[in-house]
There are 2 protein chains.
Amino acid sequence: MSELTVYGNILSQPTRSVLTFCRLSGLEFNHQDVDFMKKEHLADEFTKINPFQAMPAIVHNSFNVWESVACVMYLADVYNVDNQWYPKDPKTRARINSYLLWHDEGVRSPLVNYLRAKYLVPRFGGPELTEETEAPYRAKLQEWCNTFKWQLAETHYAGRTSTPTIADIFAYNEVASAVALMNLDEQPEIKRWYDEIGAIPAVQEYTQQASEIRRKVFG
Amino acid sequence: MSELTVYGNILSQPTRSVLTFCRLSGLEFNHQDVDFMKKEHLADEFTKINPFQAMPAIVHNSFNVWESVACVMYLADVYNVDNQWYPKDPKTRARINSYLLWHDEGVRSPLVNYLRAKYLVPRFGGPELTEETEAPYRAKLQEWCNTFKWQLAETHYAGRTSTPTIADIFAYNEVASAVALMNLDEQPEIKRWYDEIGAIPAVQEYTQQASEIRRKVFG
């Protein structure tokens, strides 16, 4: 059995990002599914690994780490990772980290909050969005879109680096889950980036797995 | 002139955290004030350093980095920092990073949003909080308080480490700016931590500078 286990569900975007990082860096690992439909993320077993009860978390030789970006940083440290996805060069890493530290507030929150309000809340008996209640979500999406475009403008990648990196993987997984909210044909710069990152084999594979699960769970 | 300049205002909590990290790590640096009352953070000069127009940002040998935590990580890389505040030991660093990746959403946002609504908005002509409009802010504050208490419970420090680290510095600066919102005497575990971190000379000095500026600016 491998010394590294990644806990999380494929429908969780940050879980896919950590799994993809492991794959792209050639790490040996087990993936342990955490089925949120069965509330496994709230059960004692997972709460011991991450008391915040949020996915993903990792266990490496009995040492547990939570927060997806902190997981990547820890794995980079202990496996001495220095590849195109998270190079050791301090300037490149700084650009990637500046993106990763902004990612939750700047990318994940606007996309996930909109997704929840538009699809999940009505599905579980809450109110459907109206034109008026949807407007602030659309404004946040537009804000993300404008910011992301200038970030891509410099080098064509999210971390303003010369190749795709883990910054693009984190960004891609959020956009891929929220793509129904936007018309990417109207955003050619983002579309070109989206298609390029989505064609990376490990990314493609996890994205397809997520689509299949989503179809099964939500129809 | 030093090769490192930290840009930001002492009233900005993350600016104080980056400045304190530089002091505690013995780095030579210049501090360039960015006066937000004069809207210097929106001016071209600062926008070139951080297009997000947020403080702090650093320039190190013509290379600019934004996002306070990314600044600390970059400085740790280029100055080869391995001290109690940000040790290289991967497990200790992972615990610190897990905190730092949660800090913005878990600590800074609830405290800063409450501060703005209670003091800044009314000061600039907006509505005073009522019992009803204040309730959600108090609930978020309580949530922070409960989470922070279990984080401190393990080792008495925010990063669940055996000594104070940069995680405590980031946390302290947010709590110090928001201390008027809470009665720390009712939270003895937090109070004990707060007093200990606040007594670190560099922390104490920047906190006092901030109090003096706050008195001058806001009376």
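Residues numbered from 1 in each chain as written. Chains lettered and ligands numbered in written order. Predicted model: local features only at pLDDT ≥ 70, side-chain atom pairs only at ≥ 80, totals over all residues. Heavy atoms only, no water.

### Focus: the packing of helix 4 (residues 90–123) of chain A against helix 5 (residues 131–155) of chain A
Residues and elements named next belong to chain A.
Here is step 1: At their nearest, the axes of helix 4 and helix 5 sit 10 Å apart, and the two run at 155° to each other. Judged on the interaxial angle alone, helix 5 and helix 4 are roughly antiparallel. Judged by the twist between their axes, the crossing of helix 4 over helix 5 is left-handed. In contact with Arg95, Tyr99, Trp102, Gly106, Val107, Pro110, Leu111, Asn113, Tyr114, Ala117 and Lys118 of helix 4, helix 5 contributes Glu134, Tyr137, Arg138, Lys140, Leu141, Trp144, Thr147, Phe148, Gln151 and Glu154. (Axes fitted to C-alpha atoms, helices over the stretch in contact; angles between N-to-C directions. Helix = DSSP H or I, 4+ residues; strand = E, 2+ residues; numbered from the N terminus. Parallel < 35°, antiparallel > 145°, perpendicular 65-115°, else oblique. Left-handed = near helix turned anticlockwise from the far one by under 90°. Contact = heavy atoms within 4.5 Å.)

### Here we look at the interface of chain B and chain A
Here is step 1: With 27 residues of chain B at the interface, the matching set in chain A holds 27 residues.
Here is step 2: Together chain B and chain A conceal approximately 2,500 Å² of surface at their shared face, both sides included; 70% is due to carbon and sulfur atoms.
Here is step 3: Among the residues chain B hides against chain A, the three largest losses belong to Phe52(B), Phe63(B) and Leu101(B). Together they make up 22% of the total.
Here is step 4: Counting across the chain B and chain A interface gives 0 salt bridges.
Here is step 5: At the surface where chain B touches chain A, the tally comes to 2 residue pairs in polar contact (both at pLDDT 80 or more).
Here is step 6: Looking at the side of chain B that touches chain A, the elements that each hand over two or more residues are strand 4 (63–66), helix 3 (68–78), helix 4 (90–123) and helix 5 (131–155) of chain B. (Buried area = accessible area lost by both parts, 1.4 Å probe. Salt bridge = Lys/Arg side-chain N within 4 Å of Asp/Glu carboxyl O. Polar contact = N/O pair within 3.5 Å; in protein donor to acceptor, adjacent residues only side chain to side chain.)

### Observations concerning the side chain of Gln187(B)
All names here are of chain B.
Here is step 1: Relative to the elements of secondary structure, Gln187 occurs in the loop between helix 6 (166–177) and helix 7 (188–198).
Here is step 2: Within the structure, the side chain of Gln187 is placed 2.9 Å from the side chain of Lys149, a separation counted as a polar contact.
Here is step 3: Not counting chain neighbours up to four residues away, the residues in contact with Gln187 comprise Cys145 and Lys149.

### Quick notes on the layout of surface pockets
Here is step 1: Put simply, the second largest pocket is a space of about 380 Å³.
Here is step 2: Lining the second largest pocket are 18 residues, with Asp77(A), Arg93(A), Met73(B), Asp77(B) and Arg93(B) positioned closest to its centre.
Here is step 3: Where the lining of the second largest pocket is concerned, the elements lending two or more residues are helix 3 (68–78) and helix 4 of chain A together with helix 3 and helix 4 of chain B.
Here is step 4: Looking at the lining of the second largest pocket residue by residue, the class counts come to 8 nonpolar, 4 polar and 6 charged. (1 Å grid on protein atoms, 1.4 Å probe; cavity = no way out; pocket = protein on both sides within 12 Å on 5 of 7 lines; lining within 4 Å. Points joined across faces, edges and corners; volume = space filled by probe spheres on them. Nonpolar A, V, L, I, M, F, W, Y, C, P; charged D, E, K, R; others polar.)

### Section: the nonpolar core
Here is step 1: Core analysis: the biggest nonpolar cluster contains 122 residues, and Trp144(A), Trp193(A), Trp144(B) and Trp193(B) have the highest contact counts within it.
Here is step 2: Filtering out sequence-adjacent residues up to four positions away, Trp193(A) remains in contact with Phe148(A), Leu152(A), His156(A), Tyr157(A), Ala158(A), Asp168(A), Ala171(A), Tyr172(A) and Val175(A). (Core = buried A, V, L, I, M, F, W, Y, C linked by side-chain atoms within 4.5 Å. Buried < 20%, exposed > 50% of the residue type's maximum accessible area, 1.4 Å probe, protein only.)

### Topic: the UniProt feature "domain: GST C-terminal" (unreviewed entry) in chain A
Here is step 1: When the UniProt feature table is mapped to this numbering, "domain: GST C-terminal" (unreviewed entry) covers residues 89–217 of chain A.
Here is step 2: The span residues 89–217 of chain A is 77% helix and 0% strand, and its two end C-alpha atoms sit 42 Å from each other. (UniProt positions renumbered as here; feature names shortened; annotations may be inferred.)

### Some points on helix 1 (residues 13–24) of chain B
All names here are of chain B.
Here is step 1: Taking 1.5 Å as the rise per residue, helix 1 with 12 residues should run 16 Å; its terminal C-alpha atoms sit 16 Å apart, in good agreement.
Here is step 2: By the criterion of burial, helix 1 is predominantly enclosed, with 10 of the 12 residues buried.
Here is step 3: One or two residues past the end of helix 1 sits Gly26, with phi positive at roughly 65°. (Expected span 1.5 Å × (residues − 1).)

### With respect to the sheet that holds strand 3 (residues 57–60) of chain B
Residues and elements named next belong to chain B.
Here is step 1: With mixed pairing, the 4 strands of this open sheet are ordered in space as 2-1-3-4. With one partner strand each, in any of the chains shown, strand 2 (30–32) and strand 4 form the two edges of the open sheet. Geometrically, the sheet is characterised by an average inter-axis angle of 20° between neighbouring strands, direction not taken into account.
Here is step 2: Note that strand 1 (residues 4–7) and strand 3 share 4 bridges and pair antiparallel. Residue Tyr7 lies in a different strand from strand 3, and its bridge partner there is Ala57.
Here is step 3: Strand contacts of helix 1: strand 1, strand 2 and strand 3, with the helix running at about 150° to strand 1, the strand carrying the most contacts. (Pairing = 2+ DSSP bridges.)

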